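# Results of the structural survey
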Amino acid sequence: MEAFQTHVREAGAAGAYLQTLVENERAARFFARSGFVPHGTASAVPGLRLTGGGRAHQLTMVWPAPAGAAEPRLC
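So, here is what we can say about the structure in this document.

Thresholds, definitions, all that
- Residues numbered from 1 in each chain as written.
- Predicted model: local features only at pLDDT ≥ 70, side-chain atom pairs only at ≥ 80, totals over all residues.
- Heavy atoms only, no water.
- Buried < 20%, exposed > 50% of the residue type's maximum accessible area, 1.4 Å probe, protein only.
- Helix = DSSP H or I, 4+ residues; strand = E, 2+ residues; numbered from the N terminus.
- Arc of directions from axis to C-beta.
- Contact = heavy atoms within 4.5 Å.
- Core = buried A, V, L, I, M, F, W, Y, C linked by side-chain atoms within 4.5 Å.

Those residues of helix H2 (residues 25-33) that fall on the buried side of the exposure criterion are Ala27, Ala28 and Phe31. The arc that holds every buried residue of H2, seen down its axis, measures 100°, which confines them to one face. Those residues of H2 that are exposed and angled more than 90 degrees off the buried face are Glu25, Arg26 and Arg33. As for H2, its buried residues are in contact with strand S1 (15-21) and strand S4 (55-64). Gly35 sits one or two positions beyond H2 and adopts a positive phi of about 100°.

Shown next, in the form of structure tokens:
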């Protein structure tokens, strides 16, 4: 993750985003420790069911760029 974030900074991007499942709590915690924060509302993923039949929900997380980033682009 550090190498990716370094690449984003060096590219002058405004930040980055990723998507995982709300139900994948381990991944969400990892990304949060890496500086990503939830963005928007979690929505059900069409057609995707969890073991036991429950719905899976998409979680979008964003990582803001450091102050002074050149152009507002996303990687």
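It is worth spelling out the environment of Gly54 at this point. With respect to the helices and strands, Gly54 occurs in the loop between strand S3 (43-49) and S4. Accessibility expressed as a relative area gives 34% for Gly54, which makes it partly exposed.

To continue, consider the nonpolar core. Within the largest apolar cluster, 11 residues are counted, these being Val8, Ala13, Ala16, Leu18, Ala27, Ala28, Phe31, Phe36, Leu59, Met61 and Trp63. Taken together, the elements giving at least two residues each to this core come down to S1, H2 and S4. What Phe31 contacts, discounting residues up to four positions off in sequence, is Met1, Leu18, Thr20, Phe36 and Met61.

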